[in-house]
Amino acid sequence: MDRLPMGENERVNDSAVAEVRERMLEEGEVLDLADLFKLFGDPTRLEILYALEQKELCVCDLAALLNLTKSAVSHQLKGLRISNLVKFRREGQNIFYSLADAHVRSIIDIGLEHLHE
(Lines give C-alpha, C1' and ligand atoms only; values in the text may rest on other atoms or scores of the structure.)
Protein backbone atom coordinates (compact mmCIF):
# COMPACT_ATOMS: atom_id res chain seq x y z
CA MET A 1 0.00 0.00 0.00
CA ASP A 2 1.34 3.43 -0.89
CA ARG A 3 1.89 5.77 2.03
CA LEU A 4 1.39 9.51 1.86
CA PRO A 5 4.41 11.72 2.59
CA MET A 6 4.27 13.83 5.71
CA GLY A 7 3.70 17.57 5.19
CA GLU A 8 6.16 20.07 6.58
CA ASN A 9 3.75 21.32 9.26
CA GLU A 10 2.67 17.86 10.42
CA ARG A 11 4.04 16.38 13.59
CA VAL A 12 3.87 12.72 14.47
CA ASN A 13 3.05 11.72 18.02
CA ASP A 14 5.77 9.07 18.21
CA SER A 15 4.58 7.65 21.53
CA ALA A 16 1.00 7.24 20.26
CA VAL A 17 2.24 5.58 17.08
CA ALA A 18 4.51 3.25 19.07
CA GLU A 19 1.72 2.34 21.48
CA VAL A 20 -0.71 1.48 18.70
CA ARG A 21 1.96 -0.29 16.63
CA GLU A 22 2.46 -2.74 19.52
CA ARG A 23 -1.24 -3.63 19.40
CA MET A 24 -1.60 -3.91 15.62
CA LEU A 25 -2.71 -7.21 14.12
CA GLU A 26 -0.22 -9.52 12.48
CA GLU A 27 -0.37 -9.50 8.67
CA GLY A 28 -1.90 -12.98 8.59
CA GLU A 29 -4.64 -11.91 10.99
CA VAL A 30 -5.42 -8.87 8.85
CA LEU A 31 -5.72 -11.03 5.73
CA ASP A 32 -7.88 -13.63 7.50
CA LEU A 33 -10.16 -10.94 8.91
CA ALA A 34 -10.47 -9.29 5.50
CA ASP A 35 -11.42 -12.67 4.00
CA LEU A 36 -14.04 -13.15 6.70
CA PHE A 37 -15.62 -9.80 5.94
CA LYS A 38 -15.56 -10.56 2.21
CA LEU A 39 -17.87 -13.49 2.95
CA PHE A 40 -20.32 -11.09 4.56
CA GLY A 41 -19.90 -8.73 1.60
CA ASP A 42 -21.63 -11.01 -0.89
CA PRO A 43 -25.42 -10.38 -1.00
CA THR A 44 -26.33 -14.03 -1.63
CA ARG A 45 -24.18 -15.33 1.22
CA LEU A 46 -25.52 -12.60 3.49
CA GLU A 47 -29.11 -13.57 2.65
CA ILE A 48 -28.30 -17.20 3.41
CA LEU A 49 -26.73 -16.25 6.74
CA TYR A 50 -29.67 -14.03 7.64
CA ALA A 51 -32.14 -16.78 6.76
CA LEU A 52 -30.19 -19.25 8.89
CA GLU A 53 -30.22 -16.77 11.73
CA GLN A 54 -34.01 -17.08 11.67
CA LYS A 55 -34.28 -20.87 11.40
CA GLU A 56 -32.39 -24.03 10.54
CA LEU A 57 -33.05 -24.81 6.86
CA CYS A 58 -32.10 -27.34 4.19
CA VAL A 59 -30.75 -26.50 0.72
CA CYS A 60 -34.20 -26.93 -0.85
CA ASP A 61 -35.73 -24.49 1.65
CA LEU A 62 -33.00 -21.92 1.06
CA ALA A 63 -33.28 -22.28 -2.72
CA ALA A 64 -37.06 -21.72 -2.60
CA LEU A 65 -36.73 -18.81 -0.17
CA LEU A 66 -34.07 -17.00 -2.20
CA ASN A 67 -35.31 -18.03 -5.64
CA LEU A 68 -31.99 -19.71 -6.46
CA THR A 69 -31.03 -23.12 -7.75
CA LYS A 70 -30.08 -25.79 -5.25
CA SER A 71 -26.67 -25.89 -6.93
CA ALA A 72 -26.12 -22.15 -6.35
CA VAL A 73 -27.15 -22.46 -2.69
CA SER A 74 -24.94 -25.52 -2.17
CA HIS A 75 -21.98 -23.68 -3.69
CA GLN A 76 -22.43 -20.75 -1.30
CA LEU A 77 -22.96 -23.03 1.68
CA LYS A 78 -19.71 -24.84 0.94
CA GLY A 79 -17.76 -21.59 1.30
CA LEU A 80 -19.64 -20.65 4.45
CA ARG A 81 -19.02 -24.12 5.91
CA ILE A 82 -15.30 -24.03 5.10
CA SER A 83 -15.09 -20.66 6.85
CA ASN A 84 -16.90 -22.02 9.92
CA LEU A 85 -19.82 -19.63 9.54
CA VAL A 86 -22.43 -22.37 9.15
CA LYS A 87 -22.73 -25.91 10.43
CA PHE A 88 -24.90 -28.79 9.35
CA ARG A 89 -26.60 -31.83 10.77
CA ARG A 90 -27.90 -34.87 8.95
CA GLU A 91 -31.37 -36.22 9.56
CA GLY A 92 -31.80 -39.31 7.40
CA GLN A 93 -31.11 -38.15 3.86
CA ASN A 94 -31.77 -34.50 4.70
CA ILE A 95 -29.05 -32.06 5.67
CA PHE A 96 -30.04 -29.03 7.70
CA TYR A 97 -27.91 -25.90 8.01
CA SER A 98 -27.68 -23.35 10.79
CA LEU A 99 -25.29 -20.63 11.92
CA ALA A 100 -22.09 -22.04 13.37
CA ASP A 101 -22.26 -20.04 16.60
CA ALA A 102 -23.45 -16.88 18.33
CA HIS A 103 -20.53 -14.88 16.91
CA VAL A 104 -21.98 -15.11 13.41
CA ARG A 105 -25.35 -13.94 14.70
CA SER A 106 -23.64 -11.05 16.52
CA ILE A 107 -21.81 -9.90 13.38
CA ILE A 108 -25.09 -9.77 11.46
CA ASP A 109 -26.99 -8.11 14.31
CA ILE A 110 -24.31 -5.50 14.94
CA GLY A 111 -24.19 -4.70 11.21
CA LEU A 112 -27.96 -4.22 11.13
CA GLU A 113 -27.89 -2.12 14.29
CA HIS A 114 -25.25 0.11 12.72
CA LEU A 115 -27.34 0.50 9.55
CA HIS A 116 -30.41 1.52 11.54
CA GLU A 117 -28.66 4.17 13.69
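Residues numbered from 1 in each chain as written. Predicted model: local features only at pLDDT ≥ 70, side-chain atom pairs only at ≥ 80, totals over all residues. Heavy atoms only, no water.

Undergrad: Just checking my understanding: could you explain the overall build of the protein chain for this structure?
TA: Scanning the protein chain from terminus to terminus reveals six helices and three strands. Scanning the protein chain from its N terminus toward the C terminus, one meets helices and strands in the order α-α-α-β-α-α-β-β-α. What you see for the protein chain is a C-alpha radius of gyration of 20 Å, clearly larger than the 13 Å of a compact globule of 117 residues, by over 25%. Along the longest, intermediate and shortest principal axes, the C-alpha atoms of the protein chain span 70 × 30 × 25 Å. (Helix = DSSP H or I, 4+ residues; strand = E, 2+ residues; numbered from the N terminus. Rg over C-alpha atoms; globule rule 2.2 N^0.38 Å.)

Undergrad: In this structure, what is going on with the sheet that holds strand S1 (residues 57-58)? I would like to understand it.
TA: The pairing of strands in a sheet comes from backbone hydrogen bonds and takes either a parallel or an antiparallel form. One open sheet accounts for three strands, arranged S1-S3-S2; its pairing is antiparallel. Looking at which strands have only one partner, the edges of the open sheet turn out to be S1 and strand S2 (86-91). For S1 and strand S3 (residues 94-99), the ladder comprises two bridges, and the chain directions are antiparallel. In the sheet register, cysteine 58 faces S3, and the bridge partner there is phenylalanine 96. Contacts from helix H5 (residues 70-82) reach S2 and S3, with the element oriented near 115 degrees to S2. (Pairing = 2+ DSSP bridges. Contact = heavy atoms within 4.5 Å. Axes fitted to C-alpha atoms, helices over the stretch in contact; angles between N-to-C directions.)

Undergrad: Even after reading the chapter, I still don't get a nonpolar patch on the surface, so can you show me in this structure?
TA: Nonpolar side chains collect at one region of the surface, where Leu25, Val30, Leu33, Phe37 and Ile107 lie side by side and expose about 410 Å² of accessible area between them. With respect to the helices, strands and loops of the structure, leucine 33 is situated in helix H2 (residues 27-40). Given a relative accessible area of 37%, leucine 33 falls into the partly exposed group. (Patch = residues over 30% accessible without salt bridge, like charges linked within 9 Å, V, L, I, M, F, W, Y side chains within 5 Å. Areas by Shrake-Rupley, 256 points an atom, 1.4 Å probe, with all protein chains shown as cover. Salt bridge = Lys/Arg side-chain N within 4 Å of Asp/Glu carboxyl O. Buried < 20%, exposed > 50% of the residue type's maximum accessible area, 1.4 Å probe, protein only.)

Undergrad: It is not clear to me how the packing of aromatic side chains should be interpreted in this structure. Could you clarify?
TA: Two aromatic rings are characterised by how far apart their centres lie and by the angle between their planes. Evaluated as defined, the whole model comprises one aromatic pair. Pairing phenylalanine 88 with tyrosine 97 gives two aromatic rings, centres 6.2 Å apart and planes at 45 degrees, and the pair type is tilted. For tyrosine 97, a relative accessible area of 7% translates into the label buried. (Phe/Tyr/Trp six-rings, centres within 6.5 Å; stacked < 30°, edge-to-face > 60°.)

Undergrad: Would you explain the pairing of S2 in this entry?
TA: The two faces of a sheet get side chains in turn, since along a regular strand they alternate between them. Bridging between S2 and S3 involves six bridges; their strand directions are antiparallel. Across the sheet, residue arginine 89 finds its bridge partner in S3, namely phenylalanine 96. The antiparallel hairpin formed by S2 and S3 contains two residues in its connecting segment, where glycine 92 sits at a positive phi of about 65 degrees.

Undergrad: Would you mind going over the layout of surface pockets with me for this structure?
TA: Considered as a void within the structure, the largest pocket measures approximately 220 Å³ in volume. In this structure, the largest pocket is lined by Phe37, Phe40, Leu46, Tyr50, Ile107, Ile108, Ile110, Gly111, Leu112 and Leu115. Broken down by secondary-structure element, the contributors of at least two residues to the lining of the largest pocket are H2, helix H3 (43-54) and helix H6 (102-115). (1 Å grid on protein atoms, 1.4 Å probe; cavity = no way out; pocket = protein on both sides within 12 Å on 5 of 7 lines; lining within 4 Å. Points joined across faces, edges and corners; volume = space filled by probe spheres on them.)

Undergrad: What should I look at first to understand the pattern of salt bridges in this one?
TA: Pairs can form between side chains of opposite charge once their charged atoms are near each other. Tallying each qualifying case throughout the model produces five salt bridges. The closest approach of N and O atoms between arginine 23 and glutamate 19, which form a salt bridge, is 3.4 Å. With arginine 23 and glutamate 19 both in helix H1 (residues 14-23) and four residues apart, this pair spans about one turn of that helix. Using a relative accessible area of 42% as the deciding quantity, one classes glutamate 19 as partly exposed. Notably, a salt bridge pairs glutamate 53 with arginine 105, separated by 3.8 Å at the nearest N-O pair. In this pair, glutamate 53 sits in helix H3 while arginine 105 sits in helix H6, placing the two residues 52 residues apart along the sequence. Overall, glutamate 53 belongs to the buried group, its relative accessible area being 12%. Given a relative accessible area of 34%, arginine 105 falls into the partly exposed group.

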